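Single-letter residue listing:
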Amino acid sequence: MDFLTLIQLLDSTVRLATPLLLACLAGLFSERAGIFDIGLEGKMLAAAFFSAAVAALSGSVWVGLLAGIGASVALSLLHGLASITFRGNQLISGVAINFLAAGLTVLIAQDWFSQGGRTPSLMGGARFEPVSLPFAEALSAVPFLGPVYSELISGHSVLVYLAFATVPMTWWLLYRTRFGLRLRAVGENPAAVDTAGVSVIGLRYAAVIICGVLCGIAGAYLSTALQAGFVKDMSAGRGFIALAALIFAKWRPWYALWATLLFGLFGALETRPDVIQSLIGIKVQGQLLAALPYIMTVIILAGFVGKAIPPRAGGEPYVKER
Amino acid sequence: MTAPAIELKGISKAFGPVQANKDISIRVMPGTIHGIIGENGAGKSTLMSILYGFYKADKGEIFISGTKTEIPDSQAAIAAGIGMVFQHFKLVENFTVLENIILGAEDGGLLRPSLAKARKSLIGLAEEYGLNVDPDALIEEIGVGMQQRVEILKALYRQADILILDEPTGVLTPAEADQLFRILGRLREEGKTIILITHKLREIMEATDTVSVMRRGEMTATVKTSDTSPAELAELMVGRKVLLRVDKKPAAPGDVVLDIKGLRVVDDQKVERLKGIDLQVRAGEIVGIAGVAGNGQSELLEVLGGYADGTGVVTLNGQTLDLSGKHSDGRSRRGRGIGHVPEDRQREGLIMDFSAWENTAFGYHRAEAYQSGLLLNNQAIRNDTAEKMARFDVRPPNPALAAKNFSGGNQQKIVLAREIERNPDLLLIGQPTRGVDIGAIEFIHQQIVALRDQGKAILLVSVELEEILALADRVAVMFDGHIMGERLSSETDEKELGLLMAGVGS
């Protein structure tokens with residue numbers, strides 16, 4: 001494998017890791033507050049559709065992004081209503097949201113665009129274009145560092161940079177601010193938060209709304225940056241892989257970055273079977289690579305690589321007790 | 001005259017048809033320790049929950065230092081200078097002490113300044129009240145006594161002048177409890193007002209200045225502690241005269257029923273919990289196992305009850321018991337005539353969401369009388385349960401009620417009825433009266449003694465030394481997986497046993 005192939009492979013790793021990373025951090029906020037969210041997939045899908053549809057109609061990708069975030073937050077609030085206010089089962093609510101999004105997106109797409117459940121192809125300002133970082137052209141001739149900068153670091157959509165910036169921001173918010181302390185506490189022992197005079201319900205809603213915003217960006221990235229338009233079921237299980245990454249990352253922001261990059265690499269390798277064959281001399285089926293994130297998560301959960309302890313109050317609706 | 005720190009006037013609160021608090025008035029003067037005593041379900045916790053803003057009273061007024069105060073939520077209670085130490089601590093286990101203390105009382109959006117300030121003030125509080133804790137220790141790594149200190153510090157850090165402690169000694173060793181009362185004494189000297197909720201008469205007598213007694217939602221009396229006696233308080237609590245001592249004849253021990261030789265148990269972490277136990281229990285005697293919790297008593301009950309593996313030789317009526325393998329489980333043990341009232345009745349003795357009749361059948365669900373062809377004869381189980389509940393005075397006597405809806409004492413009676421009514425040769429009992437109110441304690445003790453007088457062998461484990469001395473005919477003290485010594489209970493006292501419990505002595 002030559003150097004340029006490696007750069008290409010890593011470049012595509014970054015692209016594929018971005019939606020996983022955003023969704024994984026979205027799940028992190030929600031689950032750290034004690035609300036399990038298997039509806040990441042559905043929220044991404046809804047956001048992918050609404051951002052592509054509104055971008056197509058308005059001609060502005062930014063308006064599309066807002067629409068995508070709006071759709072995702074709306075579903076988050078639905079999840080919050082079911083699981084926080086009405087103390088319903090969080091898994092069932094999440095599953096319902098996934099089904100709702102899968103059905104509604106295609107239905108509305110057909111009604112609006114009559115293109116068999118897809119949106120028109122996005123062009124020009126309706127799509128996130130790659131951003132060329134300064135001096136990318138000029139530096140590309142520099143050996144080694146040149147291609148790394150111009151091919152790997154430069155030339156991504158603005159959402160990619162945003163996603164990577166979200167990692168330190170999340171870390172800082174969780175571990176250095178009052179909000180983060182309370183958020184982590186409410187996922188561990190909501191009674192401690194409640195008796196300290198802080199609203200459990202308020203914190204948990206805040207968490208699911210942040211989750212909705214990040215999922216919305218992840219979905220918008222799929223349809224307006226990675227692809228040019230929405231197609232049926234385009235989230236393709238990424239919400240679930242993000243959940244796997246969250247467990248793999250033990251609910252920590254920096255680990256989430258490494259986990260999603262790793263899973264992104266598997267995705268990149270899936271499209272380049274020749275690379276693996278040249279590296280290890282065996283032909284590996286793409287399906288195996290696609291399954292690898294789940295297999296690794298099972299191994300992690302089984303406790304082979306350290307312990308993954310989920311937030312203790314996760315999945316439990318908070319009921320005040322005497 | 002100074003205004004009372006807390007004055008409640010005519011507080012009433014009903015949950016549906018149940019009147020939890022009826023027209024309660026109480027005055028607590030500043031700088032005193034005021035006890036509130038009552039049986040489980042008397043309404044103590046409801047009253048304190050109203051004071052801490054968890055519930056809203058249907059009627060009545062609250063005055064804090066003479067000012068009428070509304071307390072709609074915990075935040076208002078904290079603002080009014082009230083701090084509460086709950087029976088089950090409200091701490092975040094994987095946070096540090098410091099993080100738990102500032103949670104909800106941070107100054108500003110960033111943590112660093114808040115943590116620095118709390119660290120400084122913690123040093124001050126430690127000096128002032130003798131409340132030393134390591135601010136950087138994780139809660140899950142410190143003992144319950146320390147965790148309780150953190151709860152007290154949490155309240156003090158929030159400038160609480162009034163401290164409410166709900167059954168604070170339930171989880172503490174006697175030494176830790178003594179330490180707690182010393183701290184409370186210091187707090188009183190500094191002018192803090194303390195409300196101590198408990199059902200233990202001894203704590204009231206030792207620690208409080210005044211005491212209020214609650215019974216069935218009503219405040220039956222408020223007296224100066226120095227003017228009253230345990231017997232009088234017990235009578236006020238229960239509403240009738242109570243025997244504080246167990247009335248029993250001397251034991252008439254017969255043949256050896258249980259013979260334990262060289263019993264060892266190693267736990268999952270490969271730690272040896274029992275290091276060679278030798279013990280005999282005869283027919284018609286109660287052998288009490290005393291000791292501070294965690295010295296191997298639980299493991300002893302578990303291996304005898306058939307849900308932990310051990311090595312050694314144990315015989316029952318001369319026949320060997322399997323200590324591991326497929327004949328070492330609860331079913332085999334019951335088949336051999338061993339009844340077991342587990343230490344933690346809510347986890348091991350009952351399924352809390354299941355009804356009393358279902359719980360009564362557990363372990364004995366293969367009994368002939370409960371079968372109807374291939375199916376269980378539910379009606380027969382219900383009828384049987386109703387009879388047992390009547391004999392053991394379980395209230396309310398409703399077999400269809402879920403176990404969690406009974407008070408602690410009545411839950412214990414359900415378990416006892418299930419085990420005793422099977423007429424076992426050997427009864428294992430762990431912590432028979434933990435979390436059980438006085439009226440029920442008396443009844444449970446009588447049942448245990450009655451079983452002994454029928455010539456059954458009883459092995460009793462309790463962390464309450466008083467209970468051991470009152471019930472047991474012979475006492476074995478456990479320390480660090482060994483039996484430190486055996487005494488006849490008529491020939492020993494708390495002091496001697498206390499030394500053995502600490503690992504000192506023969």
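Residues numbered from 1 in each chain as written. Chains lettered and ligands numbered in written order. Predicted model: local features only at pLDDT ≥ 70, side-chain atom pairs only at ≥ 80, totals over all residues. Heavy atoms only, no water.

Asker: Any details on the overall build of chain B? Residues and values, ideally.
Answerer: Within chain B, the regular secondary structure consists of 17 helices and 22 strands. Taking 506 residues into account, the globule formula puts the C-alpha radius of gyration at 23 Å, and chain B, at 25 Å, falls close to it. Overall, chain B is about 70 × 50 × 45 Å in size when its C-alpha atoms are taken along their principal axes. Residue burial in chain B is summarised as follows: out of 506 residues, 54% are buried. Considering only intrachain contacts with a sequence separation of at least 6, the fraction spanning at least 24 residues in chain B is 67%. Total accessible area on chain B stands at roughly 22000 Å², and carbon and sulfur atoms take up 50% of it. Each charge class in chain B can be summarised by its mean position, and for the 58 positive and 70 negative side chains these summaries are 3 Å apart. (Helix = DSSP H or I, 4+ residues; strand = E, 2+ residues; numbered from the N terminus. Rg over C-alpha atoms; globule rule 2.2 N^0.38 Å. Buried < 20%, exposed > 50% of the residue type's maximum accessible area, 1.4 Å probe, protein only. Contact = heavy atoms within 4.5 Å. Areas by Shrake-Rupley, 256 points an atom, 1.4 Å probe, with all protein chains shown as cover. Lys, Arg positive; Asp, Glu negative; His and termini not counted. Charge placed at Lys NZ, Arg CZ, Asp CG, Glu CD.)

Asker: Got a sec to walk through the overall build of chain A? Specific residues and values, please.
Answerer: For chain A, the count of helices and strands is 14 helices and 0 strands. Listing each helix as α and each strand as β along chain A from the N terminus yields α-α-α-α-α-α-α-α-α-α-α-α-α-α. Its C-alpha radius of gyration of 20 Å places chain A within 12% of the 20 Å reference for a compact globule of 322 residues. Of all 322 residues assigned to chain A, the portion counted as buried reaches 53%. For chain A, restricting intrachain contacts to residue pairs at least 6 apart in sequence, the fraction spanning at least 24 positions comes to 78%. Only carbon and sulfur atoms are counted for the fraction: they give 68% of the accessible area of chain A, which is about 13700 Å². Averaged over its 21 positive side-chain charges, chain A has a centre that lies 10 Å from the centre of its 16 negative ones.

Asker: I'd like a description of unusual backbone geometry, backed by residues and values.
Answerer: All names here are of chain B. Note the cis peptide between R395 and P396, where omega equals -5°. The residue P396 is located in the loop between α13 (378-391) and α14 (408-420) in this model. For Q159, which is not glycine, the phi dihedral falls at a positive 65°. Mapping Q159 onto the fold places it in the loop between α5 (144-157) and β7 (162-166). A positive phi angle, near 55°, is found at N423, a position not held by glycine.

Asker: So what's going on with the layout of surface pockets? Residues and values would help.
Answerer: In this structure, the second largest pocket spans a volume of roughly 460 Å³. Lining the second largest pocket are 18 residues, and of these R32(A), E188(A), R252(A), I309(A) and N94(B) sit closest to its centre. Considered class by class, the residues forming the lining of the second largest pocket number 7 nonpolar, 2 polar and 9 charged. (1 Å grid on protein atoms, 1.4 Å probe; cavity = no way out; pocket = protein on both sides within 12 Å on 5 of 7 lines; lining within 4 Å. Points joined across faces, edges and corners; volume = space filled by probe spheres on them. Nonpolar A, V, L, I, M, F, W, Y, C, P; charged D, E, K, R; others polar.)

Asker: Quick rundown of the side chain of S212(B)? Include the residues and the values.
Answerer: Residues and elements named next belong to chain B. By secondary structure assignment, the location of S212 is in strand β9 (residues 210-215). Of the polar contacts made by the side chain of S212, one reaches the side chain of T222; its length is 2.9 Å. In this structure, S212 is in contact with I26, H34, G35, I36, I37, M219, A221 and T222, ignoring residues within four places of it in sequence. (Polar contact = N/O pair within 3.5 Å; in protein donor to acceptor, adjacent residues only side chain to side chain.)

Asker: Mind laying out the pattern of salt bridges, listing which residues take part and the relevant values?
Answerer: Residues and elements named next belong to chain B. The tally for this structure, following the rule as stated, stands at 41 salt bridges over all chains. The partner of E70 in a salt bridge is K68, and the shortest N-O contact between them spans 3.4 Å. For K68, a relative accessible area of 45% gives the class partly exposed. Taking the shortest distance from any N to any O, the salt bridge between K388 and D384 comes out at 3.2 Å. Linking K388 with D384, this pair stays in helix α13, spanning 4 residues, or about one helical turn. There is no split in this pair, since K388 and D384 are both buried. Because the salt bridges share partners, they merge into one network encompassing K248, K249, R452, D453 and D473. (Salt bridge = Lys/Arg side-chain N within 4 Å of Asp/Glu carboxyl O.)

Asker: Before we move on, can you summarise the domain arrangement of chain B with the specific residues and values?
Answerer: All names here are of chain B. Here the domain parsing of chain B yields domain 1 (6-238) and domain 2 (256-337 + 424-501). Taking only C-alpha atoms into account, the centre of domain 1 sits 35 Å from that of domain 2. The junction of domain 1 with domain 2 conceals about 770 Å² of combined surface from both sides, 56% of it contributed by carbon and sulfur atoms. Linking domain 1 with domain 2 are 1 salt bridge. (Domains from an automatic or database assignment. Buried area = accessible area lost by both parts, 1.4 Å probe.)

Asker: With reference to specific residues and values, describe empty space enclosed by the protein.
Answerer: Following the criterion strictly, the structure yields 1 cavity of 30 Å³ or more and no others. Approximately 120 Å³ is the volume found for the largest cavity. Surrounding the largest cavity, 13 residues form its lining, T195(A), Y52(B), M84(B), K154(B) and R158(B) being those nearest its centre. The residue inventory of the lining of the largest cavity, partitioned by class, reads 8 nonpolar, 2 polar and 3 charged.

Asker: Explain helix α8 (residues 178-188) of chain A to me, using residue names and the numbers behind them.
Answerer: In terms of residue burial, α8(A) counts as a mostly covered element, since 9 of its 11 residues are buried. Regarding α8(A), the residues found buried are G180(A), L181(A), R182(A), L183(A), R184(A), A185(A), V186(A), G187(A) and E188(A). At its buried positions, α8(A) is contacted by α1 (3-32), α7 (158-176), α9 (190-195) and α10 (200-226) of chain A together with α3 (97-102) and α4 (111-129) of chain B.

Asker: Quick rundown of the interface of chain A and chain B? Include the residues and the values.
Answerer: Every contact between the two is made by 23 residues of chain A and, on the other side, 27 residues of chain B. Summing both partners gives a buried area of about 2300 Å² for chain A against chain B, and 57% of it is carried by carbon and sulfur. For the pair chain A and chain B, the number of links is 3 salt bridges. Residue R312(A) pairs with E93(B) through a salt bridge whose shortest N-O separation is 3.8 Å. At the boundary of chain A and chain B, one finds 7 residue pairs in polar contact (both at pLDDT 80 or more). Examining the composition of the side of chain A that touches chain B, we find that 6 residues originate from one element, α8(A), more than from any other. Within the side of chain A that touches chain B, the residues separate by chemical class into 9 nonpolar, 4 polar and 10 charged.

Asker: Residue-level account of the packing of helix α2 (residues 40-58) of chain A against helix α3 (residues 61-85) of chain A, with values.
Answerer: All names here are of chain A. Closest axis-to-axis distance for the α2/α3 pair is 7 Å, and the angle between their directions is 150°. With respect to each other, α2 and α3 are oriented roughly antiparallel. In this structure, α2 crosses over α3, and the sense of that crossing is right-handed. For the pair α2 and α3, the contacting residues are G42, K43, A46, A47, F50, S51, V54, A55 and S58 in the first and V61, V63, G64, L65, A67, G68, A71, S72, L75 and S76 in the second. Split by residue class, the contact of α2 with α3 holds 11 nonpolar, 7 polar and 1 charged. (Axes fitted to C-alpha atoms, helices over the stretch in contact; angles between N-to-C directions. Parallel < 35°, antiparallel > 145°, perpendicular 65-115°, else oblique. Left-handed = near helix turned anticlockwise from the far one by under 90°.)

Asker: Got a sec to walk through the sheet that holds strand β2 (residues 18-28) of chain B? Specific residues and values, please.
Answerer: Residue and element names in this part refer to chain B. With respect to topology, 4 strands assemble into an open sheet ordered β2-β1-β4-β5, the strand pairing being antiparallel. The open sheet has two edge strands, β2 and β5 (67-68), and neither has a second partner. Judged from the 7 bridges that link them, strand β1 (residues 6-15) and β2 form a sheet pairing that is antiparallel. What sits directly across from L8, in β2, is I26. Packing against the sheet, helix α1 (residues 44-51) makes contact with β1, β2 and β4 (59-64), and its axis sits at approximately 115° to β1. (Pairing = 2+ DSSP bridges.)

Asker: Explain the packing of helix α12 (residues 253-270) of chain A against helix α14 (residues 286-301) of chain A to me, and be specific about the residues and the numbers.
Answerer: Residue and element names in this part refer to chain A. The N-to-C vectors of α12 and α14 enclose an angle of 165°; their axes lie 8 Å apart at closest approach. For the element pair α12 / α14, the angle class is roughly antiparallel. The handedness of the crossing between α12 and α14 is right-handed. Two secondary-structure elements touch here, α12 through L262, F263, F266, L269 and E270 and α14 through G286, L289, A290, L292, P293, M296 and T297. A breakdown of the residues in the contact of α12 with α14 according to their chemical character gives 9 nonpolar, 2 polar and 1 charged.

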